[in-house]
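# Observations on the model geometry
As a plain string of letters, each chain reads:
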Amino acid sequence: MNSITLVTLQNCSYCNELVEELNKKDVRNKIIDANSNSAFCDKLEESLKVYNYPIAFVEDSRYVYYYYLVSNYNDIKVTKI
C-alpha cells in the first residue's frame, strides 16, 4: 500500500478538502502542519520550488512522488523524486 504524507496549512480550504476526502475514503495519511513546522516547510518550498499547499508525498514501492496544486484541482502537478 502507498504511504501518503500531506503538508497542509491551517485554514486552507484546499488542504481541508483533501484531508476530508481522504478520510471519507478511509485512506490513511500523515499530516504535517506547515504553520507548526515553518523551518522545514521553508526548506521544502525552496528545494521543490513549490509554494502552494497542500503538498502531498505519495510513496510507492519504487518512487516518492509529490503532488501540488497550482491554481485549481485541474492543474495538479505530479513529479517523481
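Along each chain, the written sequence defines residue order, and numbers are assigned to residues from 1. The model is predicted, so local features are restricted to residues of pLDDT at least 70 and side-chain atom pairs to those at 80 or more, both for listing and for counting; the totals for chains, interfaces and linings are taken over all residues. Side-chain numbers here rest on the full set of heavy atoms in the structure, without hydrogens or water.

### Thoughts on the environment of Y66
For helices the rule is a DSSP run of H or I covering at least 4 residues; for strands it is a run of E covering at least 2, with both sets numbered from the N terminus onward. Summarising the element assignment, Y66 is placed in strand β4 (residues 64-68). Between the C-alpha atoms of Y66 and L48, which are 18 residues apart in sequence, the distance is 9.1 Å.

### What about the pairing of strand β1 (residues 3-8)?
In terms of burial, β1 is largely enclosed, as 5 of its 6 residues are buried. Here, a strand pair is defined by DSSP locating no fewer than two bridges between the strands. Here β1 pairs with strand β2 (residues 30-33) via 4 bridges, running parallel. Pairing of T8 across the sheet is with D33, part of β2. Each residue is assigned to one of three classes by its accessible area relative to the maximum for its type, calculated with a 1.4 Å probe on protein chains only: buried under 20%, partly exposed between the two thresholds, exposed over 50%.

### Side note on helix α2 (residues 38-48)
Taken together, the buried positions of α2 are occupied by C41, L44, E45 and L48. Here the buried residues of α2 occupy an arc of 95 degrees about the axis, which is enough to place them on one side. In α2, those exposed residues whose orientation departs by more than 90 degrees from the buried face are A39, K43 and S47. With its phi angle positive at about 60 degrees, K49 sits one or two positions after the end of α2. Each C-beta atom gives one direction from the helix axis, and the arc is the one those directions make.

### Here's the deal with the environment of N2
Within the secondary structure, N2 is located in the segment before β1. Since its relative accessible area comes to 44%, N2 is described here as partly exposed. In sequence terms N2 and F57 are 55 residues apart; their C-alpha atoms lie 9.8 Å from each other. The contact definition used throughout considers only heavy atoms, calling two residues in contact when any of these lie within 4.5 Å. When near neighbours in sequence (up to four residues on either side) are disregarded, N2 contacts V58, E59 and D60.

### Here's the deal with the pattern of salt bridges
Take a side-chain nitrogen of Lys or Arg and a carboxyl oxygen of Asp or Glu: if they are within 4 Å of each other, that pair is a salt bridge. Taken as a whole and assessed by the stated rule, the structure comprises 3 salt bridges. The salt bridge involving E21 is made with K25; its shortest N-O contact spans 3.8 Å. Judged by its relative accessible area of 33%, E21 is partly exposed. Look at K25 and you get exposed, because its relative accessible area is 58%. E46 is the partner of K49 in a salt bridge, and the nearest nitrogen-oxygen pair spans 2.7 Å.

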